[in-house]
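Observations on the model geometry
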Amino acid sequence: DVKVTQSSRYLVKRTGEKVFLECVQDMDHENMFWYRQDPGLGLRLIYFSYDVKMKEKGDIPEGYSVSREKKERFSLILESASTNQTSMYLCASSLPGYYGYTFGSGTRLTVV
Amino acid sequence: GESVGLHLPTLSVQEGDNSIINCAYSNSASDYFIWYKQESGKGPQFIIDIRSNMDKRQGQRVTVLLNKTVKHLSLQIAATQPGDSAVYFCAEGPISGGYNKLIFGAGTRLAVHP
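First, a word on scope: everything that follows refers to the structure included in this document.

Conventions used here
Residues numbered from 1 in each chain as written. Chains lettered and ligands numbered in written order. Predicted model: local features only at pLDDT ≥ 70, side-chain atom pairs only at ≥ 80, totals over all residues. Heavy atoms only, no water. 1 Å grid on protein atoms, 1.4 Å probe; cavity = no way out; pocket = protein on both sides within 12 Å on 5 of 7 lines; lining within 4 Å. Points joined across faces, edges and corners; volume = space filled by probe spheres on them. Helix = DSSP H or I, 4+ residues; strand = E, 2+ residues; numbered from the N terminus. Nonpolar A, V, L, I, M, F, W, Y, C, P; charged D, E, K, R; others polar. Pairing = 2+ DSSP bridges. Axes fitted to C-alpha atoms, helices over the stretch in contact; angles between N-to-C directions. Contact = heavy atoms within 4.5 Å. Buried area = accessible area lost by both parts, 1.4 Å probe. Salt bridge = Lys/Arg side-chain N within 4 Å of Asp/Glu carboxyl O. Polar contact = N/O pair within 3.5 Å; in protein donor to acceptor, adjacent residues only side chain to side chain. Buried < 20%, exposed > 50% of the residue type's maximum accessible area, 1.4 Å probe, protein only.

This part takes up the layout of surface pockets. What the largest pocket holds in volume is close to 540 Å³. Around the largest pocket, the lining is made up of 23 residues, and of these Gln37 and Arg108 of chain A together with Gln38, Val87 and Arg109 of chain B lie nearest the centre. Elements with a minimum of two residues in the lining of the largest pocket: β4 (31–38) and β9 (87–94) of chain A together with β9 (86–93) and β11 (108–113) of chain B. At three residues, the largest contribution of residues to the lining of the largest pocket is made by β9 of chain B. When grouped by side-chain class, the residues that make up the lining of the largest pocket number eight nonpolar, 10 polar and five charged. Estimated volume of the second largest pocket: approximately 390 Å³. In terms of lining, the second largest pocket is formed by 21 residues, of which the most central are Thr102, Phe103 and Ser105 of chain A together with Gly43 and Pro44 of chain B. Put simply, the parts of the chain that give the lining of the second largest pocket at least two residues each are β1 (4–6) and β10 (102–103) of chain A together with β5 (45–51) of chain B. Top element by residues in the lining of the second largest pocket is β1 of chain A. It accounts for three residues. Of the residues assigned to the lining of the second largest pocket, the class counts are six nonpolar, 10 polar and five charged.

Shown next, in the form of structure tokens:
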């Protein structure tokens, strides 16, 4: 069963901490995405990557960075966590030019 | 910027009834539309898609209708079941740019009552 796996389901971090959210896919997909999901706002794109070591900013990249050293792994980094980054974070992957994304189950991050 | 929106944030239906979830989009140049279903505690799951050169597409118990004239998209679920209770998102795929990314709406919650 193909899947996108996010390393943590729930995470609680303190303000100012550096936070790493990990995502691994086993489908050999070129494209990978990080979204955050907030009530009433739907899914907003933070960053995406179309190849190893390649990345592009999405709609809300401020306060975040990403890393893609291997094709199957896409990491989201919160350089200095703030309370307004408390959210559900969703990772997705897809083949090039294909919009049928496969999503992970999400990481619910709480910054206190 | 362009956005995808929904008419109703919450829809309550009786089990066995048909459900219709609506979506308005603003980018008339969008080429591709998708419906996702998100159950509680899970990530969104692909349901059905439709390209802009079509006005209707059917799946198993689901039908997507596209009206490009009024920029409206709908998802019809036949004989709604308790397992259909979830948040449903429509999304549009822009035709510009070299790398695909979707623009999602805010979502509609479907509550199915016995």
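Alright, that's what it looks like, and here's the rest.
Moving on, we get to the sheet that holds β1 of chain A. Residues and elements named next belong to chain A. One open sheet holds the four strands; their spatial order is β1-β3-β8-β7, and the pairing between them is antiparallel. This sheet does not close on itself; its edge strands, each paired only once, are β1 and β7 (64–70). Along the sheet, successive strands turn relative to each other by an average axial angle of 20°, direction set aside. Pairing of β7 with strand β8 (residues 73–78) involves five bridges; the strand directions are antiparallel. Considered in β8, the bridge of Ser67 is made with Ser75.

What follows concerns the interface of chain A and chain B. With 25 residues of chain A at the contact, the number on the chain B side is 19 residues. Across the chain A to chain B interface the summed buried area is about 1,800 Å²; carbon plus sulfur atoms make up 58%. Considering only the side of chain A, the residues that lose the most area to chain B are Leu43, Tyr99 and Phe103 of chain A, jointly responsible for 35% of the buried surface there. Scanning the region where chain A abuts chain B turns up zero salt bridges. Linking chain A with chain B are four residue pairs in polar contact (both at pLDDT 80 or more), by the criterion used here. Counting only elements with at least two residues in the side of chain A that touches chain B, the list comes to β4, β5 (42–51) and β9 of chain A. Considering every element that reaches the side of chain A that touches chain B, the biggest residue donor is β5 of chain A, with five residues. Broken down by class, the residue content of the side of chain A that touches chain B amounts to 13 nonpolar, nine polar and three charged.

It is worth spelling out the pattern of salt bridges at this point. All names here are of chain A. Summed over the entire model, instances satisfying the criterion amount to 11 salt bridges over all chains. Its salt-bridge partner being Arg36, residue Asp38 comes within 2.8 Å of it at the nearest N-O pair. You can call Asp38 buried: its relative accessible area is 12%. Judged by its relative accessible area of 8%, Arg36 is buried.

This next bit is on the environment of Leu73 of chain B. Residues and elements named next belong to chain B. Secondary-structure assignment places Leu73 in strand β8 (residues 72–77). In this structure the C-alpha to C-alpha distance between Leu73 and Gln38, which are 35 residues apart in sequence, comes to 18 Å. Those residues within four positions of Leu73 in sequence are excluded, and the remaining contacts are Ile21, Asn22, Cys23, Phe33, Trp35, Ile50, Val64, Leu65, Leu66 and Cys90.

Read these as geometric descriptors, not functional statements.
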